[in-house]
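Understanding the architecture of this molecule
Below, each chain spelled out in residue letters.
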Amino acid sequence: MTTQQVNRALFDDVMVPNYNPQQMVPVRGAGSRVWDQDNNEYIDFAGGIAVNALGHCHPELVSVLKEQADTLWHLSNVFTNEPALRLAKKLTDATFADKVFFCNSGAEANEAAFKLVRKYSYDNFGAEKNEIISFKQGFHGRTLFTVSVGGQPKYREGFEPAPGAIEHAEFNNLDSLKALISDKTCGVVLEPTQGEGGVIPGNAEFLKGVRELCDQHNALLVFDEVQTGVGRTGHLYAYMESGVVPDVLTTAKSLGGGFPIGAMLCSDKVAPSLGFGTHGSTYGGNPLACAVAEKVLDIINTPEVLSGVATRNAIFNEELNKLNERFGIFKEVRGSGLLIGAELIEAWHGKAGEFLAAARAEGLMMLVAGPNVLRFAPSLIIPEADIREGMAKLAEAIAKVVEAAEA
Ligand SMILES: Cc1ncc(COP(=O)(O)O)c(C=O)c1O
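Quick summary incoming for the structure in this document. For clarity, every value in this text was computed on a predicted model and none was experimentally measured. (Residues numbered from 1 in each chain as written. Predicted model: local features only at pLDDT ≥ 70, side-chain atom pairs only at ≥ 80, totals over all residues. Heavy atoms only, no water.)

1. Some words on helix H10 (residues 287-300)
Inclusion rule: Going along the chain from the N terminus, every DSSP run of H or I of four or more residues is numbered as a helix, and every run of E of two or more is numbered as a strand. By this rule the span expected of a helix is its residue count minus one, scaled by 1.5 Å. Each residue is assigned to one of three classes by its accessible area relative to the maximum for its type, calculated with a 1.4 Å probe on protein chains only: buried under 20%, partly exposed between the two thresholds, exposed over 50%. Only heavy atoms enter the contact rule, under which two residues are in contact if any of them lie within 4.5 Å. By the criterion applied in these results, polar contacts are pairs of N or O atoms within 3.5 Å in which, for protein atoms, one can donate a hydrogen and the other can accept it, and in which residues neighboring in sequence qualify only through two side-chain atoms.
The end-to-end C-alpha distance of H10, which contains 14 residues, comes to 20 Å, matching closely the 20 Å that a straight helix rising 1.5 Å per residue would cover. Turning to H10, its buried residues number three or more, namely Pro287, Leu288, Ala289, Cys290, Ala291, Val292, Ala293, Glu294, Val296, Leu297, Ile299 and Ile300. On its buried side, H10 packs onto helix H3 (59-69), helix H4 (82-94), strand E4 (99-103) and helix H11 (303-327). The N-cap residue of H10 is Asn286: its side-chain oxygen and the backbone nitrogen of Leu288 are 2.9 Å apart.

2. Points about the sheet that holds strand E15 (residues 364-365)
Basically, it comes down to this: Each pair of strands is called paired provided DSSP finds at least two bridges between the two strands. Lines fitted to the C-alpha atoms define the axes, with helices restricted to the stretch that makes contact. Angles between their N-to-C directions range from 0 to 180 degrees.
Spatial ordering of the open sheet is given by E1-E2-E3-E15, a layout of 4 strands whose pairing is mixed. Of all the strands in the sheet, the pair left with one neighbour each is strand E1 (26-30) and E15. The sheet contact formed by E1 and strand E2 (residues 33-36) spans 4 bridges and is antiparallel. Counted as the bridge partner of Gly29 is Val34 from E2. The strands touched by helix H13 (residues 384-406) within the sheet are E2, strand E3 (41-44) and E15, with E3 carrying the most contacts at an inclination of about 110°.

3. Quick notes on the nonpolar core
Quick note on the threshold: Throughout this description, the term nonpolar core refers to a set of buried Ala, Val, Leu, Ile, Met, Phe, Trp, Tyr and Cys residues connected via side-chain atoms within 4.5 Å.
With 82 residues, the main nonpolar core has Phe45, Phe376 and Leu394 as its most contacted residues. Here this core gets 9 residues from one element, more than from any other, and that element is H13. If we skip the residues at most four places from it in the chain, Phe45 touches Phe316, Leu364, Met365, Met366, Phe376, Ala377, Pro378, Ile382, Asp386, Ile387, Gly390 and Met391. The next biggest cluster of nonpolar side chains, apart from the first, holds 22 residues, and it includes Ala113, Cys186, Val270 and Ala271.

4. Some points on the site of the ligand
Filter applied, for reference: In this text, near means that some heavy atom of the residue lies within 4 Å of the molecule or strand in question. With residues, only the protein chains shown are counted as cover, and all accessible areas are computed by Shrake-Rupley using a 1.4 Å probe. For this classification, the nonpolar set comprises Ala, Val, Leu, Ile, Met, Phe, Trp, Tyr, Cys and Pro, the charged set comprises Asp, Glu, Lys and Arg, and every other residue, Gly included, is treated as polar.
By nearness alone, 13 residues border the ligand, and Gly106, Ala107, Asp224, Gln227 and Lys253 come closest of all. Taking Ala107, its main chain carries an N or O atom lying 2.8 Å from an oxygen atom of the ligand. Asp224 is positioned such that a nitrogen or oxygen atom in its side chain is 2.7 Å from a nitrogen atom of the ligand. Surface burial for the ligand is 82%, taken as the share of its 390 Å² of free accessible area covered by protein chains. Among the elements that take part in the shell around the ligand, helix H5 (residues 106-125) stands out by supplying 3 residues, more than any other. Within the shell around the ligand, the residues separate by chemical class into 3 nonpolar, 6 polar and 4 charged.

5. A word on the side chain of Glu196
Of note, Glu196 is situated in the loop between strand E8 (193-194) and strand E9 (200-201). Overall, Glu196 belongs to the buried group, its relative accessible area being 18%. A distance of 3.3 Å separates a polar atom in the side chain of Glu196 from a polar atom in the side chain of Arg375. Beyond its immediate stretch of four places on either side in the chain, Glu196 contacts Ile49, Phe139, Gln152, Glu191, Gln227, Ala369, Gly370 and Arg375.

6. Thoughts on the pattern of salt bridges
Definition in use: Salt bridges, as used here, are contacts in which a Lys or Arg side-chain nitrogen is within 4 Å of a carboxyl oxygen on Asp or Glu.
Evaluation of the coordinates by the stated rule reveals 27 salt bridges. Among the ionic pairs, Asp215 bridges to Arg211, the shortest N-O distance being 2.8 Å. You can see Asp215 and its partner Arg211 sitting in helix H8 (residues 204-216), 4 residues apart, about one turn around the helix. Overall, Asp215 belongs to the partly exposed group, its relative accessible area being 47%. Each member of the salt-bridge network shares a partner with another, and the members are Glu318, Glu319, Lys322, Glu384 and Arg388.

7. Concerning the packing of aromatic side chains
Note the following rule: Under the pairing criterion, centres of Phe, Tyr and Trp rings, with the six-membered ring standing for Trp, must be within 6.5 Å; the plane angle then separates stacked pairs below 30 degrees from edge-to-face pairs above 60, leaving the rest tilted. By definition, being over a ring means that NZ of Lys or CZ of Arg is both within 6 Å of the ring centre and within 35 degrees of the ring normal.
Within the structure shown, the criterion is met by 11 aromatic pairs. Over the face of the ring belonging to Trp35 we find Arg28, whose NZ or CZ atom lies 4.3 Å from the ring centre. Directly above the aromatic system of Phe125 lies the positively charged group of Lys129, at a separation of 5.3 Å from the ring centroid.

8. Notes on the pairing of strand E10 (residues 220-224)
Extensive coverage of E10 is indicated by the burial of 5 of its 5 residues. Bridge count for strand E7 (residues 185-190) against E10 is 4 bridges, and the pairing is parallel. The partner of Gly187 across the bridge, within E10, is Leu220. Note that E10 and strand E11 (residues 248-251) share 3 bridges and pair parallel. Bridged to Phe223 within E11 is Leu249.

9. A look at the environment of Val230
Following the sequence through the fold, Val230 ends up in the loop between E10 and helix H9 (239-242). As a C-alpha pair, Val230 and Thr302 span 72 residues in sequence and 11 Å in three-dimensional space.

10. Overview of unusual backbone geometry
Omega for the bond connecting Glu160 with Pro161 falls within 30 degrees of zero, at 10°, which places this linkage in the cis form. In this structure, Pro161 sits in the loop between helix H6 (144-149) and strand E6 (166-169). With a phi angle near 60°, Ala165 is a residue other than glycine that sits in the positive phi range. With respect to the helices, strands and loops of the structure, Ala165 is situated in the loop between H6 and E6.

11. Some details on the packing of H11 against H13
The condition is simple: Each angle is binned into one of four classes, with values under 35 degrees roughly parallel, values over 145 roughly antiparallel, values of 65 to 115 roughly perpendicular, and all other values oblique. By convention the crossing between two helices is left-handed if the near helix lies anticlockwise of the far one by an angle smaller than a right angle, and right-handed if it lies clockwise.
Orientation of H11 relative to H13, taken along the N-to-C sense of each, is 25°, at an axis distance of 10 Å. One finds that H11 runs roughly parallel with respect to H13. The crossing of H11 and H13 is right-handed. Between H11 and H13, the residues in contact are Arg312, Ile315, Phe316, Glu318, Glu319, Leu320, Leu323, Arg326 and Phe327 and Glu384, Ile387, Arg388, Met391, Leu394, Ala395, Ile398, Ala399 and Val402, respectively.

12. Examining the sheet that holds strand E16 (residues 367-368)
Spatially, E13-E14-E17-E16 is the arrangement adopted by the 4 strands of the open sheet, whose pairing is antiparallel. Sheet topology places strand E13 (330-336) and E16 at the edges, where each strand pairs with a single neighbour. Across 2 bridges, E16 lies against strand E17 (residues 373-376) in antiparallel orientation. Counted as the bridge partner of Val368 is Leu374 from E17. Those strands touched by H11 are E13, strand E14 (339-344) and E17, and its axis lies near 175° from that of E13.

Distances and angles like these do not, on their own, reveal function.
And the structure:
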């Protein structure tokens, strides 16, 4: 059988139109560089949306995946396996958590977390204590429960009826949470830095206050670290910098470095509520995924890699500030580690996508976070030379967008 020639046009013929991918089709990646079908080269500041934490085809990840592929692929949860056990041990040793539940994505990790907070309250306080509070602009995934807990109504419109007993407070506004929280609240859910919502860091006072309010009302605190986790902020998990310890934490994206895996971490206090038979996932804890994630964790959870994230953050900030001196298009550059957002000034609001397209044309892959924010979530080990070269491409892209607007 010959390999069928495929191209971007085929996407529109054979794929459900819920995505609208860029026109080029990437075929190969190495480190922070990617090549398309026409052999055009790109610098990757997108990192597969905060997933490729060690770049593309990191040799140690390739090697561990190949080795596992020759050993054992899948068992289901009727059996456990060595990579899953090793990974769970490393995750619990490295964090507040005592117990781990493995799954395949961020949404699934959150689904498990939200079910757990409901079930824990049901078991310990009764069925009436079932309200979940989360935050406006928050993003937790695309399943029906996660779009309902998420604070962006556009993602649930048309899919109702949505699960009930979910309220949304203002992020970084403790009074707003105080007005909603009560003894009927079973859990409060937040991203330590809101990612999709515009790269908005939760401030230290706010996070501390949320923890206190949860304690006062016997509500569990869930940190969605799907985007901020596994070194992205320069700490293994963002909670470690804040000093605020959640009861439940979800992690995915960078955990597999590009191989699909998610996990929910929790304390011994709450874990028993997901007792035998209460929840599950066929692929959760798959040996291939866990073997890769174990290696990702071994590499990232080291002082060199974590401190390297801060160094690279400084270079990104320096370059973005230089761009702003030249073009004056950013209102603010914010975020931590290698989750960085550059918010456009009002005159450019709604136009983030134009900069993204122009950057792609210059050979740079990057992201937006909503219509007003350019987002950068590259490999945590991206070489300095690639950052500088990527920023030169971004400068060209911005110059063209600004020029076109003035013409
Ligand atoms: C904070 C956060 N939570 C959850 C998700 C959903 O993860 P997944 O797409 O793997 O289901 C995302 C994805 O962008 C995210 O940024």
